[in-house]
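Residues per chain are reported as follows:
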Amino acid sequence: MNQLNPADFIDVEGAVRAATAAILAQQRPDGHWVYELEADATIPAEYVLLVHYLAEEANLELERKIGVYLRRIQGEHGGWPLYHDGAFDISATVKAYFALKMIGDDIDAPHMARAREAIRERGGAIKANVFTRILLALYGQASWNDVPTVPVELILVPRWFPIHLSKMSYWARTVIVPLLVLCAKRPLAKNPRGIHIRELFVDGIGAASPRAPHQDRYWSIFFNVLDRNLKRFEPFWPKSVRAKAIAACRTWTTERLNGEDGLGAIYPAMANSVMMYDALGLAPDHPDRAIARLSVEKLLVIKDDEAYCQPCVSPVWDTALVAHALLEARTPEADAAVARSLDWLRPLQVLNVKGDWAEEKPDVRPGGWAFQYRNDHYPDLDDTAVVVMAFDRAGAKHDDVAIARGREWVEGLQSRDGGWGAFDADNSYFYLNNIPFADHGALLDPPTEDVSGRCVGMLAQLGHGGKPLADGIAYLRKTQRADGSWWGRWGVNYIYGTWSSLAGLNGAGLTPDDPTMKRAADWLVEIQNDDGGWGENCDSYKLDYKGYEPAPSTASQTAWALLGLMAAGQVDHPAVARGVNYLKATQEEDGLWSQSHYTGGGFPRVFYLNYHGYPKFFPLWALARYRNLKAGNSRRVEFGL
């Protein structure tokens, strides 16, 4: 790789100005930013199937547009992947095929025939994951015997019981509780068009895979034996207890319904709540069912030629991150826009609701921010740390109380190992990932390096050291991999985790010659692509990961690597100059950047996210910070993020 002179690439002012102007133009009138959040084929396919499950009058034009979207993202392998250019995924493919057939696609059309053959070659639809098999059972396409038993009475067990909802992640909790009712009542989809997909099943293959790759053999044997016994004795359980449990699930769901933003503010939980109310006999105009149904509609993205359904929305996250990028831009217009964004963020702090996190930390006062517009029962540590740092950087004195409450909540939810999870403290009951229902391997919310890096950076920026900060630094030192990188739970992957950790450690005062910082910087330099950018594929989450594998450069991952190297004190390294040059060369006419590859994490190996805002504001952030550092006018305290 050619050694370039960093001095040749210090002029980024034009790129910063163009990106700043473009970002400012995207601010909403009330002060916030929100960008599209795209997942894979499963969510739009499930939306189509939900409409027909309920026998609602279908919007034919919307269905047509969703069909255009689903056909466009079909992979060359004949199926649907979990991310751009990804491998065939049988569950996504079964759902997409079912939805397209529901929309009216001829099963002999080339794209349908290729998908069908690909599914059958892999053992048929019965080999799909648990959530897909539940959907198939609800439509009468598969037997409930092919679905792991999760008794609705789970809602009634005491907290000391080994399998308890509070021991699961927030997203699992909100999805499972209404699903418990569906699994107990076993309703059948109304399906007015009478669409079935028996052609996706292979004769002689009638059983799902016994365990997922992440599951331990002996734990799986134990839980599978338990599942068989549950199925055997379920018909004999007292009806009064079942009725009590179903009522408890309804109460639990309704308490957390969250208005137009929906249960948990995530699509699967919202859709399950609608189907639960339907199964309980609530009319479409019942207030609870109606508001739950409306929450789903608000996730739709409808364009001129195609449409899809988002898994959730990300306004608080987008707004807080854009604020940091604009604070780095340092223009009067940018500062004014940041002030408006903070005005929008301020009232969204959750101060009066003790959410599910209080099961583990009952004595902690609420004080966090959620990811979505509203999700008061489920604020998260990542958003809270980023928002608090934005308030602090903006220097608004009247935000001292909001900052203090946010810090108090973050400190209060630190886990025993010194790290932070996203929504809960000490949610590390790893044996639960072995239950048959957890074939996705994402039932838990343990501490992770990326969130912990952000929380360490926040505490350091606020000048609050002591034991929480020391324990957080120790956690990051302990979790650094031998090659110098850190895992990234919520962004893809080691590039994201390494940037997040380096930023936090720099904010905490670790110097460039600290071995932890140096190893991480060396790793980032080592994996730089020949074009000057950085890239990493979602495959890096595979269970047998042995080290970085080259992937095409993306704007967002290049920005993360640059921010990480600069946090490690390497602004003058030739690799930084090459990365800056890559971003300058790939900036588009509108002043921003674009990318097709997914760089957001949902559930490793199961669910990924394409944050449409990431290639827009992260490159601005990196270029502006580079400019500021080269000009000698950036403060270390700002490097907590």
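Not measured: the values here are computed from a predicted model.

In the structure shown here, the tally under the stated rule is zero disulfides. Of all cysteine sulfurs in the structure, the one in Cys 312 sits closest to Cys 455, which takes part in no disulfide; the separation is 19 Å. For Cys 455, a relative accessible area of 0% corresponds to the buried category. Cysteine Cys 538 shares no disulfide, and the gap to the nearest cysteine sulfur, in Cys 312, comes to 16 Å. Among the residues examined, Cys 538 registers a relative accessible area of 3% and is labelled buried.

Right, let's talk about the pattern of salt bridges for a bit. By the definition in use, this model includes 37 salt bridges. For Glu 411, the salt bridge identified is with Arg 407, shortest N-O distance 3.0 Å. Taken together, the residues Glu 411 and Arg 407, both in helix α15 (residues 400-412) and four residues apart, mark about one turn of the helix. For Glu 411, a relative accessible area of 24% translates into the label partly exposed. Three or more residues are tied together by salt bridges with common partners; here these are Arg 159, Glu 359, Glu 360, Arg 416 and Asp 426.

Here Gly 463 shows up in the loop between α16 (449-461) and α17 (466-479). Classification of Gly 463 by relative accessible area gives exposed; the value is 63%. Put simply, Gly 463 and Ala 337 are 126 residues apart on the chain and 26 Å apart in space, counted from C-alpha to C-alpha.

With that out of the way, let us pick up the side chain of Asp 450. By the secondary structure assignment, Asp 450 is in helix α16. An unpaired buried charge is present at Asp 450: no salt bridge exists, and Arg 454, the closest side chain of opposite charge, is 5.1 Å distant.

What the rule picks out here adds up to 33 aromatic pairs. Ring centres 4.4 Å apart and planes at 50° place the aromatic pair Tyr 170 and Phe 423 in the tilted group. Note that Tyr 170 is positioned in helix α7 (residues 170-185) and Phe 423 in the loop between α15 and α16, a separation of 253 residues in sequence. With a relative accessible area of 10%, Phe 423 lands in the buried category. Relative to Tyr 373, the ring of Trp 344 has its centre 6.1 Å away and its plane inclined at 85°; by these criteria the two rings are edge-to-face. Here Tyr 373 lies in the loop between α13 (332-345) and α14 (381-394) and Trp 344 lies in helix α13, a separation of 29 residues in the sequence. The class of Trp 344 is buried, set by a relative accessible area of 11%. An aromatic cluster is present here, built from Tyr 35, Phe 371, Tyr 496, Trp 499, Trp 560, Tyr 611, Tyr 614, Phe 617, Phe 618 and Trp 621 joined pairwise through their rings. Seen from the ring of Tyr 429, Lys 167 lies directly overhead, with NZ or CZ sitting 5.5 Å from the centre. In this structure, Arg 198 is placed above the aromatic ring of Phe 201, and the distance from its NZ or CZ to the ring centre is 4.4 Å.

What follows concerns the side chain of Thr 42. Tracing the backbone shows Thr 42 in helix α2 (residues 42-53). If we ignore the near neighbours within four places in the chain, the residues touching Thr 42 are Ala 92, Lys 95 and Phe 607.

On to the packing of helix α21 (residues 574-586) against helix α22 (residues 614-630), then. It is the contact of α21 with α22, at a shortest axis distance of 11 Å, that shows an interaxial angle of 130°. When the interaxial angle is binned, α21 and α22 end up oblique. Crossing of α21 over α22 shows left-handed handedness. Residue-level contacts link Val 576, Val 580 and Leu 583 of α21 to Pro 619, Ala 622, Leu 623 and Tyr 626 of α22. Taken together, the residues of the contact of α21 with α22 sort by class into seven nonpolar, no polar and no charged.

This part takes up the environment of Ala 329. With respect to the secondary-structure elements, Ala 329 resides in helix α12 (residues 315-329). Along the sequence, Ala 329 and Asn 628 sit 299 residues apart, while their C-alpha atoms lie 8.7 Å from each other. Sequence-distant contacts of Ala 329, defined by excluding residues within four places in its chain, comprise Thr 20, Ala 334, Ala 624 and Arg 627.

All right, on to the pairing of strand β5 (residues 607-611) then. Counting buried positions over the five residues of β5 gives five, a clear majority of the element. Burial along β5 is two-sided: Phe 607, Leu 609 and Tyr 611 facing one way and Tyr 608 and Asn 610 facing the other are all buried. In this sheet, β5 lies alongside strand β1 (residues 37-38) in antiparallel orientation, the contact comprising two bridges. Bridging across to β5, Glu 38 finds its partner in Asn 610. Two elements, strand β4 (residues 600-603) and β5, share three bridges in a ladder whose sense is antiparallel. Following the sheet pairing, Gly 601 is matched in β5 by Tyr 608.

Reading guide: rules and limits
- Residues numbered from 1 in each chain as written.
- Predicted model: local features only at pLDDT ≥ 70, side-chain atom pairs only at ≥ 80, totals over all residues.
- Heavy atoms only, no water.
- Disulfide = S-S within 2.5 Å.
- Buried < 20%, exposed > 50% of the residue type's maximum accessible area, 1.4 Å probe, protein only.
- Salt bridge = Lys/Arg side-chain N within 4 Å of Asp/Glu carboxyl O.
- Helix = DSSP H or I, 4+ residues; strand = E, 2+ residues; numbered from the N terminus.
- Lys, Arg positive; Asp, Glu negative; His and termini not counted.
- Phe/Tyr/Trp six-rings, centres within 6.5 Å; stacked < 30°, edge-to-face > 60°.
- Lys NZ or Arg CZ within 6 Å of the ring centre and 35° of its normal.
- Contact = heavy atoms within 4.5 Å.
- Axes fitted to C-alpha atoms, helices over the stretch in contact; angles between N-to-C directions.
- Parallel < 35°, antiparallel > 145°, perpendicular 65-115°, else oblique.
- Left-handed = near helix turned anticlockwise from the far one by under 90°.
- Nonpolar A, V, L, I, M, F, W, Y, C, P; charged D, E, K, R; others polar.
- Pairing = 2+ DSSP bridges.

This is a description of form; function is not addressed.
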